[in-house]
Amino acid sequence: PITPIEEALAKIWSQVLGIERVGIHDNFFELGGDSLQSIQIVAKAHQLGLDFNSSQLFEYPTIAELTTVVD
């Protein structure tokens, strides 16, 4: 992760998925993510002021893709 948004999302994914390192091109679902974890990720991101929803995470399953739609 390079940008602050990428760093924040990588940290959240790492916490929720229980994985030490997450890259910006890692696919959320290939890392073992599921719909319940996607809700946790969205909630934690909202606490940091990052705005996106679960359906966007399904549509953009990598951090690199997701950052293009995060407000």
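Structure first, text after, so check above.
Residues numbered from 1 in each chain as written. Predicted model: local features only at pLDDT ≥ 70, side-chain atom pairs only at ≥ 80, totals over all residues. Heavy atoms only, no water.

Student: Can you help me understand helix α2 (residues 35-47) in this one?
Tutor: Three or four residues apart is the spacing at which side chains of an α-helix point the same way, because the helix has 3.6 residues per turn. Look at α2: 19 Å from first C-alpha to last across 13 residues, which is about the 18 Å you get at 1.5 Å a residue. Among the residues making up α2, those that are buried are Q37, S38, I41, V42 and A45. On an axial view of α2, the arc spanned by its buried residues comes to 145°, and they lie on one face. Exposed and facing more than 90 degrees away from the buried side of α2 are L36, I39 and Q47. (Helix = DSSP H or I, 4+ residues; strand = E, 2+ residues; numbered from the N terminus. Expected span 1.5 Å × (residues − 1). Buried < 20%, exposed > 50% of the residue type's maximum accessible area, 1.4 Å probe, protein only. Arc of directions from axis to C-beta.)

Student: Help me understand the packing of helix α1 (residues 4-17) against α2 in this model?
Tutor: When two helices pack together, you describe them by how their axes are tilted relative to each other and by the distance separating the axes. α2 packs onto α1 with a crossing angle of 140° between their chain directions and a minimal axis gap of 10 Å. When the axes of α1 and α2 are compared, the pair comes out oblique. Viewed along their axes, α1 and α2 form a crossing whose handedness is right-handed. Residue-level inspection shows L9, I12, W13, Q15, V16 and L17 of α1 in contact with α2, the latter providing Q37, Q40, I41, K44 and A45. Looking at the contact of α1 with α2 residue by residue, the class counts come to 7 nonpolar, 3 polar and 1 charged. (Axes fitted to C-alpha atoms, helices over the stretch in contact; angles between N-to-C directions. Parallel < 35°, antiparallel > 145°, perpendicular 65-115°, else oblique. Left-handed = near helix turned anticlockwise from the far one by under 90°. Contact = heavy atoms within 4.5 Å. Nonpolar A, V, L, I, M, F, W, Y, C, P; charged D, E, K, R; others polar.)

Student: Got a minute to help me understand the side chain of E6 in this structure?
Tutor: Locating E6 in the fold gives a position in helix α1. In this structure E6 is buried but unpaired, with R21 as the nearest side chain of opposite charge at 12 Å. Excluding residues that lie within four positions of it along the chain, E6 makes contacts with P1, I24, I63 and T67. (Lys, Arg positive; Asp, Glu negative; His and termini not counted. Salt bridge = Lys/Arg side-chain N within 4 Å of Asp/Glu carboxyl O.)

Student: What exactly am I supposed to notice about the packing of aromatic side chains here?
Tutor: Both the distance between ring centres and the angle between the ring planes are used here to describe each pair of aromatic rings. Enumeration over the complete set of coordinates arrives at 3 aromatic pairs. Aromatic side chains F29 and F58 sit 4.8 Å apart centroid to centroid with 45° between the ring planes, which places their arrangement in the tilted category. Note that F29 is positioned in the loop between α1 and α2 and F58 in helix α3 (residues 54-59), a separation of 29 residues in sequence. Take F58: its relative accessible area is 42%, and that puts it in the partly exposed class. Each member of the aromatic cluster is reached from another via a ring pair, and the members are W13, F28, F29 and F58. (Phe/Tyr/Trp six-rings, centres within 6.5 Å; stacked < 30°, edge-to-face > 60°.)

Student: I tried to follow the nonpolar core on my own but got confused; where do I start?
Tutor: Taken as a class, soluble globular proteins show a tendency for nonpolar side chains to be buried jointly. Residues L9, W13, I41, F52, I63 and L66 are the most contacted members of the largest nonpolar core, which totals 20 residues. Of all elements in the fold, only α1, α2 and α4 (63-66) reach the threshold of two or more residues within this core. Residue contributions to this core peak at 7 residues, all from α1. (Core = buried A, V, L, I, M, F, W, Y, C linked by side-chain atoms within 4.5 Å.)

Keep in mind that these numbers describe shape and distance, not what the molecule does.
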